[in-house]
Structure formats: C-alpha cells, structure tokens
Amino acid sequence: MGGPQPKVKSFEIDKRLVYGAWERVRANQGAPGVDAVSIAEFDSQARNNLYKLWNRMSAGSYLPAPVRAVEIPKDQGVRVLGVPNVADRIAQTAAAMLLEEKLEPIFHPDSYGYRPGRSAHDALAVIRRRCWKQGWILDLDVRAFFDSVPHDLLLKAVAHHTQERWALLYIARWLKAPDADAGRDPGRSGEGDATGIPDFPLAG
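Calculation notes
Residues numbered from 1 in each chain as written. Predicted model: local features only at pLDDT ≥ 70, side-chain atom pairs only at ≥ 80, totals over all residues. Heavy atoms only, no water. Salt bridge = Lys/Arg side-chain N within 4 Å of Asp/Glu carboxyl O. Helix = DSSP H or I, 4+ residues; strand = E, 2+ residues; numbered from the N terminus. Buried < 20%, exposed > 50% of the residue type's maximum accessible area, 1.4 Å probe, protein only. Core = buried A, V, L, I, M, F, W, Y, C linked by side-chain atoms within 4.5 Å. Contact = heavy atoms within 4.5 Å. Patch = residues over 30% accessible without salt bridge, like charges linked within 9 Å, V, L, I, M, F, W, Y side chains within 5 Å. Areas by Shrake-Rupley, 256 points an atom, 1.4 Å probe, with all protein chains shown as cover. Lys, Arg positive; Asp, Glu negative; His and termini not counted. Polar contact = N/O pair within 3.5 Å; in protein donor to acceptor, adjacent residues only side chain to side chain.

Moving on to the pattern of salt bridges. This model, assessed by the stated rule, comprises four salt bridges. The salt bridge involving Glu100 is made with Arg24; its shortest N-O contact spans 3.0 Å. You can see Glu100 sitting in helix α4 (residues 86-103) and its partner Arg24 sitting in helix α1 (residues 15-28), a full 76 residues away along the chain. According to the relative accessible area criterion, Arg24 is partly exposed, its value standing at 32%. Here Asp43 and Arg26 are joined by a salt bridge, their closest N and O atoms 3.5 Å apart. Of this pair, Asp43 sits in helix α2 (residues 39-44) while Arg26 sits in helix α1, placing them 17 residues apart in sequence. Residue classification places Asp43 among the partly exposed positions, given a relative accessible area of 32%. Since its relative accessible area comes to 27%, Arg26 is described here as partly exposed.

Membership of the largest hydrophobic core comes to 32 residues, with the highest contact counts inside it found for Trp22, Met57, Ile90 and Trp166. When residues of this core are traced back to their parent elements, those giving at least two are α1, α2, α3 (46-59), α4, α7 (151-161) and α8 (165-176). Ranked by the residues each element gives to this core, the list is headed by α4, at eight residues. In this structure Ile90 touches Val18, Ala21, Trp22, Val25, Phe42, Leu50 and Leu53, once residues within four positions along its chain are discounted.

Here we take up a nonpolar patch on the surface. Together, Leu124, Ile127 and Ile137 make up an exposed nonpolar region whose accessible area comes to about 290 Å². Positionally, Ile137 belongs in the loop between α5 (120-130) and α6 (145-148).

Within the element layout of this structure, Gly60 appears in the loop between α3 and β1 (68-73). Beyond its immediate sequence surroundings of up to four residues, Gly60 is in contact with Ser10, Phe11, Leu169, Tyr170 and Arg173.

Turning our attention to the environment of Leu154. Mapped onto the elements of the fold, Leu154 is located in helix α7. Here the alpha-carbon distance between Leu154 and Leu175, two residues 21 residues apart in the chain, equals 9.6 Å.

Moving on: the side chain of Asp88. By the element assignment, Asp88 lies in helix α4. No salt bridge is formed by the buried Asp88, whose closest oppositely charged neighbour, Arg56, lies at an N-O distance of 6.2 Å. Among the polar contacts listed, one links the side chain of Asp88 to the backbone nitrogen of Ala65, at a separation of 3.0 Å. Residue contacts for Asp88: discarding those within four places in its chain leaves Tyr62, Pro64 and Ala65.

The following block contains the structure:
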C-alpha cells in the first residue's frame, strides 16, 4: 500500500506496434545510419534495443539522431537521401503504421509512392494497360518538394487525421533532425525534410 508507485508513462504506445515496426524494418533491410549499427547488429540485441526504444518513446524522451545524408545524382543536380539509424527507422515506421489505418482509405487510387503493398512497378503496369486506351501521358513532378515542404502545414495536415500526441511530437522532431554529413538543418528554416524515411506518405 505504501510502497513505490509505478511510473506513469507520458504516452500509451503498444509494444506490439513497435515490434511490428521492427519486423517491417528488418524485412526491408537497408543501410546503417550515422551510428553504423546494421540490421544484423540491432537484431543481435533486439529484445533489449526494442525495449529501450519503446521506453523512451513512451516517456516522451525519445530524440532522433541526425540522418546520414547520401547524395543521389539526378538529371539536374542531386537529391539528398536521408538514412536514419535503425532505431529511428523503427520509430518512424511505428508512426507510419499508426497513421496508415486512417490515411490509406483517403489516398487516390492512382497514388503509388510510399504506399504499403504498392510500388513503381505497379504504377508502370497500370500505365501499360491504359496506353491501349489513351494516346497520351501526363508526367508531372513538384520540383524540390522534399526540400521545401513547410513543416507547419505538414504537421497541421497530420493533426487533422490523428490526436495521438506522441506521433505529432515525434514527427515534428524528425522534421527538425539535421543531416549529419551535409550539415543541412531543416529545423532552422521550418522547411524541407530528408527523403527515404518511412513516414513520407504523410508528405506525399
């Protein structure tokens, strides 16, 4: 009765959500982030690593590390691809999985980017079928979208679809995470984010 009371977490995050996110990240593999920890290394201490991540996320003390910046050549210049640490990728995937249930039904049927169970190959298959019906193709691209997306508008859009405070808090922190190699700090300008992270259906 008079013993120590259990600490109350700031956020209620289901451990199964974090574990499910880890299973997705492990299946996708991918390169290490700035901490150089590979999927295999994380997996060797998965139980302990996942508990620490869940505990920090539930307590509100989780802070993402800088992302490793990798430059991808394009026709006009380069695109900076952000590679998060494995732990950060799991946290981002957990948030994406939480939001997928509400966001997936409202995406346009012809939306294929960053969607679960969809790929560029699926989009090409649809284009191939429609080429037999239409004699034209319309190709559009928003130039430097990921470099200039306003943080405040993106967060407002996310808040329209969820009241989960932990997701809103951590998405805001991911948006402000700097590129470790390129020295870019999107948090200072309030614009832009590194592509290649699991929560990017939110920006699509």
